Amino acid sequence: MITLFDGLLGSFYFLIIMVIGWMYSKQKIGEGKLNYKYYLPSLFIHLFGVTFFCLVYGFYYGGGDSYYYFRGGVSFIDSLFNYPFETIQIYFYKVENIPDDLRYVVSWVGTLRDNDTFFTMKLASIFCFLGFGGFLSACILLSYLSFYLNWKLFTTINLAFFVDKVQSPKLYYILFVPSLFFWGTGILKDTFVFIFTSCIIIIFIRSFNLKELKKPFFKLVFLLISIYSILNLKSYVLFTLLTSLFIAYYGKIVTLFSVLESNRFLKYLFNIFFFILLVIILVFGFQSFQIEIQQAQKAAISTLQGFHDWHTKLGGSSYSLGITDYSVTGILSQSPLAFLVTYFGPFPWQINSPIMLLTAVESYFYFYLFILTIKKRGIQLFNILVMHDIVFFSMIFTLIFGVLVGITSYNYGALARFKIQALPYFLIWVTSIKIINSK
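Here the structure is a predicted model, which is why all the values come from computation and not from measurement.

Thoughts on the pattern of salt bridges
Opposite charge on two side chains allows them to pair when their charged atoms are near. Under the counting rule described, the total for this entry stands at six salt bridges. The partner of Asp100 in a salt bridge is Arg103, and the shortest N-O contact between them spans 3.6 Å. Among the residues examined, Asp100 registers a relative accessible area of 70% and is labelled exposed. Residue Asp116 is joined to Lys189 by a salt bridge in which the shortest nitrogen-to-oxygen separation is 2.9 Å. Residue Asp116 is found in helix H5 (residues 115–130), and its partner Lys189 is found in helix H8 (residues 189–206); the two are separated by 73 residues along the sequence. Residue Asp116 is classed as buried on the basis of its relative accessible area, which comes to 15%.

Below you can see the structure in the form of structure tokens.
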């Protein structure tokens with residue numbers, strides 16, 4: 001998997017990125033931007049994390065889904081050199097819609113039928129090209145992009161608190177989430193979902209600050225690309241994200257339309273439109289969630305070496321919530337248990353691999369933090385009246401997303417990856433219980 005050339009090129013990329021990062025952070029700190037003292041440590045831990053990720057996949061697992069996506073990306077590059085015009089056309093097709101006269105270009109796909117996997121390979125091909133066909137070098141380049149979006153998320157949330165003149169705890173911890181710099185840096189579907197999810201949240205939050213509305217056309221393009229990409233990767237994540245954002249930021253969305261404040265009728269119509277839009281998002285979101293359940297069940301019971309089954313065979317930890325009814329009522333009845341499993345599992349008796357032990361240690365810290373917060377704040381943990389919009393969003397997204405992935409994952413190996421989308425917001429919610437207005 002990792003050749004000598006790949007190791008040398010990956011090390012070179014590692015060093016160059018760190019040197020440029022050191023120069024950049026030093027300049028920003030010199031300008032008085034003290035938050036940048038966290039820039040270089042976070043950059044290093046992301047690059048170190050992805051290096052460890054590649055070593056684990058290369059020498060401990062001996063392959064796996066990450067390498068599968070990587071090989072698909074390399075095959076795309078090979079096809080691009082052999083059939084440039086035809087391959088470019090393939091990028092705009094789903095795997096099931098490729099015309100018969102172009103199928104020879106992607107004959108390497110074989111019996112692949114999952115569009116999300118095919119789309120992940122397309123994205124991976126960009127980094128395979130920049131990494132000259134090396135697994136480590138491609139992952140290091142992708143990890144920098146993941147770090148960059150994580151950093152922009154950190155600065156965006158801090159800026160939003162500052163603009164609204166509120167006091168909040170230091171948020172540097174979202175730059176050092178262990179699961180994120182391991183499962184959210186390599187060539188995985190979840191890494192790309194985290195990148196695009198962060199992009200949507202950053203653009204959405206900054207849109208309420210007029211000073212941040214620079215180059216709106218490019219931001220709109222990035223927003224549309226991100227939405228399209230998540231729809232092709234994990235659509236239920238997008239619907240969960242949009243639902244949480246629209247509910248949490250409803251007040252600010254209304255203020256964008258100043259005419260609504262002076263016209264009750266228009267405000268009434270807007271409320272109806274907003275409610276209908278939310279219902280549509282929830283309906284499509286639940287449908288995509290049911291599809292995800294079907295796929296997860298198929299993978300769980302398959303005798304083939306699927307991704308979920310692969311984790312189990314190589315030391316993953318399976319679990320079952322005992323849920324058979326996937327209606328709204330059935331899901332709600334198991335939601336507390338799913339929430340506990342997502343953020344606080346695996347439990348001691350479920351650990352049977354070194355990777356799961358590391359995940360468990362992190363989860364135990366979250367459990368300690370959660371219990372400590374409840375002990376100090378009690379019901380204020382769910383008191384939205386004293387929360388900032390970002391904290392309100394974090395609470396909604398954390399609760400909904402935690403329940404969904406807890407129900408669909410079936411084993412902790414997959415769950416450790418799936419939940420990285422919500423971990424920064426879980427920490428924001430739990431540590432920012434009461435935002436004190438400093439006006």
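Next comes the rest of the description.
Examining helix H10 (residues 235–248)
Residue pairs spaced three or four apart in an α-helix point in one direction, given the helix's 3.6 residues per turn. For H10, with 14 residues, the first-to-last C-alpha span of 20 Å sits near the 20 Å given by 1.5 Å per residue. Among the 14 residues that make up H10, 13 are buried, leaving the element largely enclosed by the rest of the structure.

Thoughts on the packing of H5 against helix H9 (residues 216–233)
The contact between H5 and H9 brings their axes to 8 Å, and the two run at 135 degrees. Relative to H9, H5 is oriented oblique. Contact residues: H5 offers Asn115, Asp116, Phe119, Thr120 and Leu123, while H9 offers Tyr228, Ser229, Asn232 and Leu233. Its residues assigned to classes, the contact of H5 with H9 comprises four nonpolar, four polar and one charged.

A look at the environment of Phe12
Its location among the elements puts Phe12 in helix H1 (residues 4–30). Exposure remark for Phe12: the relative accessible area of 46% places this residue in the partly exposed category. For Phe12 and Ser137, which are 125 residues apart along the polypeptide, the C-alpha to C-alpha distance reads 8.7 Å.

Re the state of the cysteines
Here, disulfide denotes a covalent bond that connects the sulfur atoms of two cysteines. The final tally for this structure, using the stated rule, is zero disulfides. Of the cysteine sulfurs around Cys128, a residue in no disulfide, the closest is that of Cys139, at 8.2 Å.

Points about the packing of H8 against H10
One way to put it is that H8 packs onto H10 with a least axis distance of 11 Å and a crossing angle of 20 degrees. As summarised for this structure, H8 and H10 are arranged roughly parallel, according to the angle between their axes. H10 is crossed by H8, and the crossing has right-handed handedness. On H10, the residues that touch Val193, Thr197, Ile200, Ile201 and Phe204 of H8 are Val237, Leu238, Leu241, Leu245 and Phe246. Here the residues of the contact of H8 with H10 are counted per class, giving nine nonpolar, one polar and no charged.

A few points about the nonpolar core
One recurring pattern in soluble globular proteins: nonpolar side chains tend to sit buried together. Formed by 117 residues in total, the largest nonpolar core has its most connected members in Trp183, Tyr249, Phe393, Phe426 and Trp429. Considering every element that reaches this core, the biggest residue donor is helix H6 (residues 135–163), with 15 residues. With sequence-adjacent residues up to four places away left out, Phe426 is seen in contact with Phe339, Tyr343, Phe344, Tyr366, Phe370 and Thr398. Formed by 11 residues, the second largest nonpolar core is a distinct cluster that contains Phe76, Ile98, Leu112 and Phe118.

Here we look at the packing of aromatic side chains
Taken as a whole and judged by the stated rule, the model has 49 aromatic pairs. Note on Tyr38 and Tyr172: the rings are 5.0 Å apart at their centroids and 15 degrees apart in plane angle, and the pair reads as stacked. With Tyr38 in the loop between H1 and helix H2 (39–61) and Tyr172 in the loop between strand E1 (166–167) and helix H7 (178–183), the pair connects residues that are 134 residues apart, well separated along the chain. A centroid spacing of 5.1 Å and a plane angle of 75 degrees characterise the contact between Phe76 and Trp108, whose relative ring orientation is edge-to-face. Of this pair, Phe76 sits in helix H3 (residues 65–82) while Trp108 sits in the loop between helix H4 (84–90) and H5, placing them 32 residues apart in sequence. For Phe76, a relative accessible area of 0% translates into the label buried. In textbook terms, an aromatic cluster arises when at least three aromatic residues are bridged by ring pairs, as seen for Tyr24, Tyr36, Tyr38, Tyr39, Tyr144, Phe147, Tyr148, Trp151, Phe154, Tyr172 and Tyr173.

Quick notes on unusual backbone geometry
With an omega dihedral of 5 degrees, the bond running from Gly345 to Pro346 counts as a cis peptide bond. One non-glycine residue, Phe132, lies in positive phi territory at about 55 degrees. Considering the arrangement of structural elements, one finds Phe132 in the loop between H5 and H6.

So, the confidence of the model for the protein
Parts of the model with low pLDDT should not have their predicted coordinates read in detail. Per-residue confidence for the protein gives a mean pLDDT of 82; residues scoring 70 or more make up 79%. Low confidence marks residues 300–316, where pLDDT is under 50. Its contacts with residues over four positions away, or in another chain, come to 36 contacts.

Quick notes on the environment of Asp101
Positionally, Asp101 belongs in the loop between H4 and H5. On the basis of relative accessible area, Asp101 is assigned to the exposed category, the value being 56%. Sequence spacing of Asp101 and Glu86 is 15 residues, and the spatial spacing of their C-alpha atoms is 9.7 Å.

Criteria and cut-off values
Position labels on residues start from 1 in each chain and follow its written sequence. Only residues with pLDDT of at least 70 are given local features in this predicted model, and only at 80 or more are side-chain atom pairs given and counted; all residues enter the totals for whole chains, interfaces and linings. By convention in this description, side-chain values take in all heavy atoms of the structure and omit both hydrogens and water. Salt-bridge detection follows one rule: a side-chain nitrogen of Lys or Arg within 4 Å of a carboxyl oxygen of Asp or Glu. Burial status follows relative accessibility: with a 1.4 Å probe on protein chains alone, a residue under 20% of its type maximum counts as buried, one over 50% as exposed, and anything between as partly exposed. In this text, helices come from DSSP runs of H or I with a minimum length of four residues, and strands from runs of E with a minimum of two, each type numbered from the N-terminal end. Given the number of residues in a helix, its expected span is that number minus one, multiplied by 1.5 Å. The axes are straight lines fitted to the C-alpha atoms, using for helices just the contacting stretch, and the angles between their N-to-C directions are given from 0 to 180°. Any angle between 65 and 115 degrees counts as roughly perpendicular, while under 35 counts as roughly parallel, over 145 as roughly antiparallel, and the rest as oblique. Any two residues having at least one pair of non-hydrogen atoms within 4.5 Å are treated as being in contact. Think of it as three bins: nonpolar holds Ala, Val, Leu, Ile, Met, Phe, Trp, Tyr, Cys and Pro, charged holds Asp, Glu, Lys and Arg, and polar takes everything else, Gly as well. We call a pair of cysteine sulfur atoms a disulfide when they lie within 2.5 Å. Two helices cross in a left-handed way if the nearer one is turned anticlockwise from the farther one by less than a right angle. They cross in a right-handed way if the turn is clockwise. By convention a nonpolar core is built from buried Ala, Val, Leu, Ile, Met, Phe, Trp, Tyr and Cys residues, the set being connected through side-chain atoms within 4.5 Å. Aromatic rings from Phe, Tyr and Trp, with only the six-membered ring used for Trp, were paired whenever their centres fell within 6.5 Å, and each pair was classed as stacked if the ring planes differed by under 30 degrees, edge-to-face if by over 60, and tilted otherwise. For every residue, the pLDDT score states the predictor's confidence, bounded by 0 at the bottom and 100 at the top.

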